[in-house]
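# Structural features, examined
One letter stands for each residue in the lines below.
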Amino acid sequence: MATDYSITGLILSGGLSTRMGGVEKGLIGLNDQPMIAHIINKLKKQVGHIYISANHHEDDYASFGYPVVKDLRDYFAGPLAGVEAVVSQIDTPYLGVIPCDTPFFPSDLFTKLKNHMLSSKVKAAYAAVSSDDKNQSHPLCCLIDSETCLGVKDYLENGGAKAVEWLNEIGAEPVLFDNPFEFINLNRPQDWLGLKSNY
């Protein structure tokens, strides 16, 4: 897929990693590279600019050569705080978001999300996959109109925290992808056990 310079990519690495016992997920090794390196290598083929949201190990993340942004709030406000921190710094029409623990995400993720946004005239779209006769949503794999992103500040200040709730508020729509494996989250020790991939 061709690089889309209308999109800034944001890698979410600012969480508390409670499910991993506090281990910094993005820096865990996967096939001889930190997991975030896999994210970057795939993301840079899809978007024109990359930022990393991180509240710990900032120097380690900065070593990958992309700007690191910290949450603006003095309390943990969830993944949307990373969106809030970066949106005032970007000058592209779209912000594409991907968590640091989803290294197998599709190579056409943001192309498909953008095409849906343009055809449906919506301000945001997020990934979903069909599983067991129902759709499983992945709201943190999303593409959002940058001006619409500015509204995340009010959402957080009013006590909001859930990405899917905010996305629903701004009229985001799900876009179906075929392969559930591409959206595996490696955020718990058991997720790593027996992981076999040809990545």
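Attention in this report is confined to the structure presented alongside it.

Conventions adopted
- Residues numbered from 1 in each chain as written.
- Predicted model: local features only at pLDDT ≥ 70, side-chain atom pairs only at ≥ 80, totals over all residues.
- Heavy atoms only, no water.
- Phe/Tyr/Trp six-rings, centres within 6.5 Å; stacked < 30°, edge-to-face > 60°.
- Buried < 20%, exposed > 50% of the residue type's maximum accessible area, 1.4 Å probe, protein only.
- Lys NZ or Arg CZ within 6 Å of the ring centre and 35° of its normal.
- Helix = DSSP H or I, 4+ residues; strand = E, 2+ residues; numbered from the N terminus.
- Contact = heavy atoms within 4.5 Å.
- Core = buried A, V, L, I, M, F, W, Y, C linked by side-chain atoms within 4.5 Å.
- Expected span 1.5 Å × (residues − 1).
- Arc of directions from axis to C-beta.

Aromatic ring pairs are reported here in terms of the distance separating the ring centres and the angle at which the planes meet. Applying the stated criterion across every chain, the model contains two aromatic pairs. With a centroid separation of 5.4 Å and 65 degrees between ring planes, the pair formed by Phe177 and Phe183 is classed as edge-to-face. With relative accessibility at 4%, the residue Phe177 sits in the buried group. Given a relative accessible area of 2%, Phe183 falls into the buried group. Over the face of the ring belonging to Phe105 we find Lys42, whose NZ or CZ atom lies 5.4 Å from the ring centre. Here the guanidinium or amino end of Lys112 rests over the ring plane of Phe177, the centre of that ring lying 4.3 Å away.

Turning to the environment of Leu143, a few remarks are in order. Inspection of the secondary structure puts Leu143 in strand 8 (residues 134-145). On the accessibility criterion, Leu143 (0% relative accessible area) is buried. It is 8.6 Å that separates the C-alpha atoms of Leu143 and Met117, two residues lying 26 residues apart in sequence. Contact partners of Leu143, with chain neighbours within four places excluded, come to Ile7, Tyr94, Leu95, Gly96, Phe110, Leu113, Lys114, Met117, Lys123, Ala124 and Ala125.

In this section: the nonpolar core. Note on soluble globular proteins: their nonpolar side chains tend to be buried together. Counting residues in hydrophobic clusters, the biggest one holds 28 residues, and the most contacted among them are Ile11, Leu43, Ile98, Leu109, Phe110, Leu113 and Phe177. Other than its neighbours up to four places away in sequence, Ile11 contacts Ile36, Ile39, Ile40, Leu43, Ile50, Tyr51, Ile52, Ser53, Ile98 and Cys100. The next biggest cluster of nonpolar side chains, apart from the first, holds 25 residues, and it includes Val83, Val97, Ile144 and Tyr155.

The next thing to look at is helix 4 (residues 109-120). With twelve residues, helix 4 extends 17 Å from end C-alpha to end C-alpha; this agrees with the ideal 16 Å at 1.5 Å per step. Every buried residue of helix 4 is accounted for by Leu109, Phe110, Leu113, Lys114, His116 and Met117. Relative to the axis of helix 4, the buried residues are bounded by an arc of 160 degrees and lie together on one face. Downstream of helix 4 by a residue or two, Lys121 has a phi angle that is positive, lying close to 55 degrees.

In short, geometric facts, not functional conclusions.
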